[in-house]
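Here are the chains, one letter per residue:
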Amino acid sequence: DGGGHESSLRSGTLPVPLIVGFGEACRIAAEEREAESRRIATLRDELWRHLSGHLDGLILNGHPTERVAGNLNVSFQGIDGDVLLNAMTEIAVSSGSACTSSNPQPSHVLIAMGRSDKHTRASLRFGLGRFNTQKEIEFASEFVVRTVNRLR
């Protein structure tokens, strides 16, 4: 909707700098996608190895290898999910998908995967991205291990 320019096919002057910037972002993403995906997957796998190597009662939610590079979802046995999420004061995690963050119900995806209501509620979703570093993964994994041990 707009000013009716060009027989109502265009609403007004297009933001040329934004268009050029978006094009450049697409070029960079295409050029770096594979290497960046491998780097992020390596960080994700390191986070899982540290957590599973230092905590008992973890359940990996999802396929062990066929997964999105920047996503790790883990259920923590023997811990209350609300208490766990509220204790994550030093890192940004969630207990469900981003699209249902306002819904207090357990994840329908984890339920469909066969997880119990209790395990679904005691799960954390770690999202990793382009700007995450090795040092942040080390900090997050140590923080989660320390916090889970304290809560248990």
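Scroll up to find the structure this text is about.
Residues numbered from 1 in each chain as written. Predicted model: local features only at pLDDT ≥ 70, side-chain atom pairs only at ≥ 80, totals over all residues. Heavy atoms only, no water.

(A) Summary view of the overall build of the chain. Assigned secondary structure in the chain consists of 6 helices and 3 strands. If you list the helices and strands of the chain from N to C, you get α-α-β-β-α-α-α-β-α. Residue burial in the chain is summarised as follows: out of 152 residues, 31% are buried. Restricting to contacts in the chain with at least 6 residues of sequence separation, those with at least 24 account for 71%. A total of about 9800 Å² of accessible surface is found on the chain, and carbon and sulfur atoms cover 55% of it. (Helix = DSSP H or I, 4+ residues; strand = E, 2+ residues; numbered from the N terminus. Buried < 20%, exposed > 50% of the residue type's maximum accessible area, 1.4 Å probe, protein only. Contact = heavy atoms within 4.5 Å. Areas by Shrake-Rupley, 256 points an atom, 1.4 Å probe, with all protein chains shown as cover.)

(B) Here's a closer look at the packing of helix 2 (residues 16–54) against helix 6 (residues 134–151). Closest axis-to-axis distance for the helix 2/helix 6 pair is 10 Å, and the angle between their directions is 25°. It follows that helix 2 is roughly parallel to helix 6 by the angle criterion. Seen from above, helix 2 lies across helix 6 with right-handed handedness. Every residue of helix 6 that contacts helix 2 at Leu43, Glu46, Leu47, His50, Leu51 and His54 is listed here: Gln134, Ile137, Glu138, Ser141, Glu142, Val144 and Val145. The class makeup of the residues in the contact of helix 2 with helix 6 is 6 nonpolar, 4 polar and 3 charged. (Axes fitted to C-alpha atoms, helices over the stretch in contact; angles between N-to-C directions. Parallel < 35°, antiparallel > 145°, perpendicular 65-115°, else oblique. Left-handed = near helix turned anticlockwise from the far one by under 90°. Nonpolar A, V, L, I, M, F, W, Y, C, P; charged D, E, K, R; others polar.)

(C) Expanded view of the environment of Arg38. Looking at the secondary structure, you find Arg38 in helix 2. As for Arg38 and Gly70, which are separated by 32 residues in sequence, their C-alpha atoms are 9.7 Å apart.

(D) Here's a closer look at the environment of Phe126. Along the chain, Phe126 falls in strand 3 (residues 123–127). Taking the relative accessible area as the measure of exposure, Phe126 reaches 5% and is therefore buried.

(E) Local environment of the side chain of Arg44. Among the secondary structure elements, Arg44 is positioned in helix 2. According to the relative accessible area criterion, Arg44 is buried, its value standing at 5%. Those residues in contact with Arg44 that lie beyond four places of it in its chain are Arg67, Val68, Ala69, Asn71, Leu72 and Leu128.

(F) Representation of the pattern of salt bridges within the structure. Counting across every chain of the model gives 5 salt bridges. In this structure, Glu36 engages Arg39 in a salt bridge whose closest nitrogen and oxygen atoms are separated by 2.8 Å. Taken together, the residues span about one helical turn, with Glu36 and Arg39 both in helix 2 at a distance of 3 residues. We classify Arg39 as partly exposed; its relative accessible area is 30%. In this structure, Asp45 engages Arg44 in a salt bridge whose closest nitrogen and oxygen atoms are separated by 2.8 Å. Residue Asp45 is classed as partly exposed on the basis of its relative accessible area, which comes to 27%. In the salt-bridge network here, residues are joined through shared partners; they are Glu24, Arg27 and Glu31. (Salt bridge = Lys/Arg side-chain N within 4 Å of Asp/Glu carboxyl O.)

(G) Geometry of the packing of aromatic side chains. Inspection of the entire model under this criterion finds 1 aromatic pair. Note on Phe139 and Phe143: the rings are 6.2 Å apart at their centroids and 5° apart in plane angle, and the pair reads as stacked. Separated by 4 residues within a single helix, Phe139 and Phe143 lie in helix 6, roughly one turn from each other. Overall, the relative accessible area of 40% leaves Phe139 in the partly exposed class. Residue classification places Phe143 among the buried residues on the basis of a relative accessible area of 7%. (Phe/Tyr/Trp six-rings, centres within 6.5 Å; stacked < 30°, edge-to-face > 60°.)

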